[in-house]
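# Residue-level structure breakdown
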Amino acid sequence: MQLVDPSWSGVFRAKAKAPAPSSGGKAAKKKKWSKGKVKDKAQHAVVCDKATFDRIMKEAPTWRLISQSILIERLKVNGSLARVAIRHLEKEGLIKRIVHHSGQLIYTRLTTASD
């Protein structure tokens, strides 16, 4: 029992394509995708040493905007270390809280009484 008619056998064969005329050489080549840029893993401090603590206590209270993200970026410390440092600065009275949100705490430097 034959399911396909033998006279149709030529219909299903793939036809050979004629090569397209190349007019530029390089334009005919297929574009290769780049592998993408890989960001290096950040090496932030996990433990607060004396130099890092002194730098936090000296520099952070002078900044106009203080948040966990800014401490991480500028001082190259870990996120948990930045949160502890912010709490310590607030407890010492060196910074004041502007926004209290579950995701991001935003602080500013203390200003004089005239402001």
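For the structure given in this document, a descriptive report is provided here. (Residues numbered from 1 in each chain as written. Predicted model: local features only at pLDDT ≥ 70, side-chain atom pairs only at ≥ 80, totals over all residues. Heavy atoms only, no water.)

## Things to note about the packing of aromatic side chains
Quick note on the threshold: Note on aromatic contacts: the rings of Phe and Tyr and the six-membered ring of Trp form a pair at centre separations within 6.5 Å, being stacked when their planes are under 30 degrees apart, edge-to-face when over 60 apart, and tilted otherwise. A ring is scored as having a charge over it whenever the NZ atom of a lysine or the CZ atom of an arginine sits within 6 Å of its centre and within 35 degrees of its normal.
Per the stated rule, a full pass over the model turns up 0 aromatic pairs. Over the ring of Trp-63 we find Arg-74, and its NZ or CZ is 4.7 Å from the ring centre.

## Some words on the environment of Cys-48
As a reminder of what qualifies: Numbering of helices and strands runs from the N terminus; a helix is a DSSP stretch of H or I covering at least four residues, while a strand is a stretch of E covering at least two. Burial classes follow relative accessibility: with a 1.4 Å probe on protein chains only, a residue under 20% of its type's maximum area counts as buried, one over 50% as exposed, and anything between as partly exposed. Contact criterion: two residues are considered in contact whenever any of their non-hydrogen atoms come within 4.5 Å of each other.
Secondary-structure assignment places Cys-48 in the segment before α1 (50–59). By relative accessible area, Cys-48 is classed as partly exposed at 32%. Spatially, the C-alpha atoms of Cys-48 and Ala-82 are 9.7 Å apart, while their sequence positions differ by 34 residues. Not counting residues within four places of it along the chain, the set of residues in contact with Cys-48 comprises Phe-53 and Leu-81.

## Details of the packing of helix α2 (residues 68–75) against helix α3 (residues 79–92)
Each pair of packed helices can be described by the angle between their axes along with the distance between the axes. Under the convention used in this document: Axis lines are fitted through C-alpha atoms, for helices just across the contact stretch, and the angle between N-to-C directions can take any value from 0 to 180 degrees. The sense of a crossing depends on the near helix, which, turned anticlockwise from the far helix by less than a right angle, makes the crossing left-handed and, turned clockwise, makes it right-handed. Under this grouping Gly is polar, as are all residues other than the nonpolar Ala, Val, Leu, Ile, Met, Phe, Trp, Tyr, Cys and Pro and the charged Asp, Glu, Lys and Arg.
Their axes nearest at 9 Å, the elements α2 and α3 cross at an angle of 115°. Handedness of the α2/α3 crossing: right-handed. Here Gln-68, Leu-71 and Ile-72 of α2 lie close against α3, whose contacting residues are Gly-79, Ala-82, Arg-83, Ala-85 and Ile-86. Here the residues of the contact of α2 with α3 are counted per class, giving 5 nonpolar, 2 polar and 1 charged.

## A short note on the nonpolar core
As a reminder of what qualifies: Among buried residues, those of type Ala, Val, Leu, Ile, Met, Phe, Trp, Tyr and Cys that are joined through side-chain atoms within 4.5 Å constitute a nonpolar core.
Among the nonpolar cores identified, the biggest contains 15 residues, and Trp-63, Ile-66, Leu-71, Leu-75, Ile-86 and Ile-95 are the most heavily contacted of them. Only α2 and α3 provide two or more residues apiece to this core. The residues contacting Leu-75, other than those within four sequence positions of it, are Arg-55, Ile-56, Glu-59, Trp-63 and Ile-70.

## Side note on the pairing of strand β3 (residues 105–109)
Quick note on the threshold: Strand pairing requires that DSSP identify at least two bridges connecting the strands.
Direction of pairing for strand β1 (residues 66–67) relative to β3: antiparallel, over a ladder of 2 bridges. From the neighbouring strand, Ser-67 faces β3, where its bridge partner is Ile-106. Summarising the sheet, strand β2 (residues 95–100) and β3 pair through 5 bridges and their orientation is antiparallel. The residue bridging His-100 from the neighbouring strand is Leu-105, located in β3. Count of turn residues in the β2/β3 antiparallel hairpin: 4 residues.

## Observations concerning the environment of Arg-74
Mapped onto the fold, Arg-74 is located in helix α2. For Arg-74, a relative accessible area of 43% corresponds to the partly exposed category. Separated by 14 residues in sequence, Arg-74 and Ala-60 have C-alpha atoms that sit 9.6 Å apart. Once you skip the residues sitting within four places of it in the chain, Arg-74 turns out to touch Arg-55 and Trp-63.

## Here's the deal with the side chain of Ser-67
Considering the arrangement of structural elements, one finds Ser-67 in strand β1. Using a relative accessible area of 5% as the deciding quantity, one classes Ser-67 as buried. In this view, Ser-67 contacts Ile-86, Gln-104 and Leu-105; residues no more than four positions away in its chain are not counted.

## Looking at the sheet that holds β3
Here 3 strands make up an open sheet; going across it, the order is β1-β3-β2 and the pairing antiparallel. The two strands at the open ends of the sheet, each matched to only one other strand, are β1 and β2. Contacting β1, β2 and β3, α3 runs over the sheet at an angle of about 120° to β2.

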